[in-house]
Amino acid sequence: MQQVKAVVALAKGEPVTLQTINIPDPGPGEAVVKVQACGVCHTDVHYRDGGINDDFPFLLGHEAAGIVEAVGLGVTEIEPGDFVVLNWRAVCGNCRACGRGEPQYCFNTHNATQKMTLADGELAGTELTPALGIGAFAEKTLVAAGQCTKVDPRARPAAVGLLGCGVMAGLGAAINTGNVGRGKTVAVIGCGGVGMAAIAGSVLAGASKVIAVDIDDRKLERARTFGATHTVNSRQADPVAAIKEICGANGADGADVVIEAVGRPETYEQAFYARDLAGTVVLVGVPTPEMKVPDLPLIDVFGRGGSLKSSWYGDCLPSRDFPMLTDLYLQGRLDLDAFVSEEIGIGDVEAAFTKIHDGDVLRSVVIL
Ligand code: APR
Ligand code: ZN
Ligand code: ZN
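Residues numbered from 1 in each chain as written. Chains lettered and ligands numbered in written order. Predicted model: local features only at pLDDT ≥ 70, side-chain atom pairs only at ≥ 80, totals over all residues. Heavy atoms only, no water.

All right, on to the UniProt feature "domain: Alcohol dehydrogenase-like N-terminal" (unreviewed entry) in the protein then. Following the UniProt record, the feature "domain: Alcohol dehydrogenase-like N-terminal" (unreviewed entry) maps to residues 27-152 here. Counted over residues 27-152, helix gives 9% and strand 29%. Its end C-alpha atoms are 26 Å apart. (UniProt positions renumbered as here; feature names shortened; annotations may be inferred. Helix = DSSP H or I, 4+ residues; strand = E, 2+ residues; numbered from the N terminus.)

This is how it looks when you write it as structure tokens:
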């Protein structure tokens, strides 16, 4: 057992605080990781505000890279000193999905079994719930060994740590779920961190046209720097008509792949109608539980064909995707540094939360 500093959300809606926490020695199948960098994500704010569940106190932070400090009994895939990127859930290797060779859809994922706890004050001993099973706004954290993926140690932690969540969601929505490949036309609706990564992923995969759609011109300007070939401000022009026009040169009726990265029924409907016949819609924006599928004519679902997909965590398989994307980053083919807007200290997380909706910040990253 050891004690470290960490960012904890003690109660619903209250500003997060810096606490001392207890980290148990790793048990069987577990690892303690010395965190080097961890990105600040919307989901951390949702945890703080009680929007995920009420299992307070939460240990926040989940887009992280660091060095393995110690491993428990039976851990063979990583060892102390390894540079790793963390993922939300270790896959089981035994369930139906794993058996089908699709471990990215594993039905039986797990996190560390032991609990980290608060060390000081009246609440000393209270068990912490790590955000997305990680909890990496902390000098060290305890995770399942399968949540650690070794990547090339020459990579900058602040950049590759982002593969642990939002950037992977966007890259994977394009590359894994949307199957974007050479010559495809792609439209991305919503150019926040997730949409921007979907643009970067589409460019990387060789798309011939990448159309960025947003309501904020600053986002559209940034989308150009990530390789978008066209931009549409959907407050100023009908995005469906604009996408059909841009992709229509060879008779197409829309984009081959349309990626919805907002998570709203209106934008889903736009994506639905902006796809070419037999095209693909990928929903990666996360809707709220109250939202409903738009009231679309079933004949249009039937008549346009193609596929309507959702992308969960970019359908990523960390053991396959994290090392590959890190290598592409080191080769200069994927600019992960461009997602890092600022590097901040562990005491600045609450301030970073207020900047999340500020159009100028793509990601704040805590450096430890
Ligand atoms: N049409 C087009 N773009 C829109 C619209 C709209 N009607 N409404 C909002 N946007 C844009 C915003 O201007 C912003 O650029 O969508 C983008 C959303 O970006 P962020 O709020 O930064 O969210 P991001 O982190 O990219 O995540 C996107 O996926 O993970 C989920 O909860 C997350 O639902 C959100 C989505
Ligand atoms: Zn996240
Ligand atoms: Zn499984």
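Moving on from the coordinates now.
Right, let's talk about the coordination of the zinc ion (ligand 3) for a bit. In a perfect tetrahedron of four donors around a metal, the angles come out at 109.5 degrees. In a perfect octahedron of six, they are 90 or 180 degrees. All of the protein donors around the zinc ion (ligand 3) are C92 (SG), C95 (SG), C98 (SG) and C106 (SG); their distances to the metal are 2.3 to 2.4 Å. Seen from the zinc ion (ligand 3), its 4 donor atoms lie at angles of 105 to 117 degrees, and the figure they make is tetrahedral. In primary-sequence terms, the residues that donate to the zinc ion (ligand 3) follow C-x2-C-x2-C-x7-C. Accessibility expressed as a relative area gives 22% for C92, which makes it partly exposed. (Donors = N, O, S within 2.8 Å, 3.2 Å for Na, K, Ca; no water. Tetrahedral: all angles 85-135°; square planar, octahedral: opposite > 155°, others 65-115°. Buried < 20%, exposed > 50% of the residue type's maximum accessible area, 1.4 Å probe, protein only.)

Strand order in the open sheet formed by 5 strands is 7-2-1-4-8, and the pairing between neighbours is mixed. Each having just a single partner strand, strand 7 (117-118) and strand 8 (129-130) make up the two edges of the open sheet. Bridging between strand 2 (residues 17-23) and strand 7 involves 2 bridges; their strand directions are antiparallel. Following the sheet pairing, N22 is matched in strand 7 by T117. (Pairing = 2+ DSSP bridges.)

Turning to the site of ligand 1, a few remarks are in order. Near ligand 1 you find 16 residues, and of these G193, V194, D214, K219 and V262 are the closest. A distance of 2.6 Å separates an oxygen atom of ligand 1 from a polar atom in the side chain of D214. Backbone polar atom of V262 to an oxygen atom of ligand 1: 2.9 Å apart, as the coordinates give it. In isolation ligand 1 offers 710 Å² of accessible surface; the protein chains occlude 77% of this area. Of the residues contributing to the shell around ligand 1, the split by class is 7 nonpolar, 7 polar and 2 charged. (Near = heavy atom within 4 Å. Polar contact = N/O pair within 3.5 Å; in protein donor to acceptor, adjacent residues only side chain to side chain. Areas by Shrake-Rupley, 256 points an atom, 1.4 Å probe, with all protein chains shown as cover. Nonpolar A, V, L, I, M, F, W, Y, C, P; charged D, E, K, R; others polar.)

Time to look at the packing of aromatic side chains. In this structure the tally under the stated criterion is 6 aromatic pairs. Judged by centre distance (3.8 Å) and plane angle (15 degrees), the rings of W88 and Y313 are stacked. With W88 in the loop between strand 6 (83-86) and helix 2 (96-99) and Y313 in the loop between strand 16 (307-310) and helix 10 (318-330), this pair connects stretches of sequence that are 225 residues apart. Across this residue pair, the class does not change: W88 and Y313 are buried. Between the aromatic rings of F226 and F339, the centroid separation amounts to 4.8 Å while the plane-to-plane angle is 50 degrees, which identifies the pairing as tilted. Residue F226 is found in the loop between helix 6 (217-225) and strand 13 (230-233), and its partner F339 is found in the loop between helix 10 and strand 17 (342-344); the two are separated by 113 residues along the sequence. Comparing F226 with F339 shows no difference in burial state: the two are buried. An aromatic cluster of three or more residues is present, and its members are Y47, F56 and F58. A cation over an aromatic ring shows up here: R96 above the ring of F107, its NZ or CZ 4.3 Å from the ring centre. In this arrangement the basic side chain of R275 is found over the ring face of F272, its NZ or CZ atom lying 4.9 Å from the centre. (Phe/Tyr/Trp six-rings, centres within 6.5 Å; stacked < 30°, edge-to-face > 60°. Lys NZ or Arg CZ within 6 Å of the ring centre and 35° of its normal.)

Here the focus is the coordination of the zinc ion (ligand 2). Coordination of the zinc ion (ligand 2) by the protein comes from C41 (SG), H62 (NE2) and C165 (SG), over a distance range of 2.0 to 2.2 Å. The sequence pattern formed by the donor residues of the zinc ion (ligand 2) is C-x20-H-x102-C. On the criterion of sequence distance, the pair formed by C41 in the loop between strand 3 (30-39) and helix 1 (42-48) and H62 in the loop between strand 4 (58-59) and strand 5 (63-71) is long-range, its members being 21 residues apart. No difference in accessibility class separates C41 from H62, as the two residues are buried.

A few words now on the UniProt feature "domain: Alcohol dehydrogenase-like C-terminal" (unreviewed entry) in the protein. The residues that UniProt annotates with the feature "domain: Alcohol dehydrogenase-like C-terminal" (unreviewed entry) are residues 193-328. Annotated as 43% helix and 21% strand, the span residues 193-328 places its first and last C-alpha atoms 19 Å apart.

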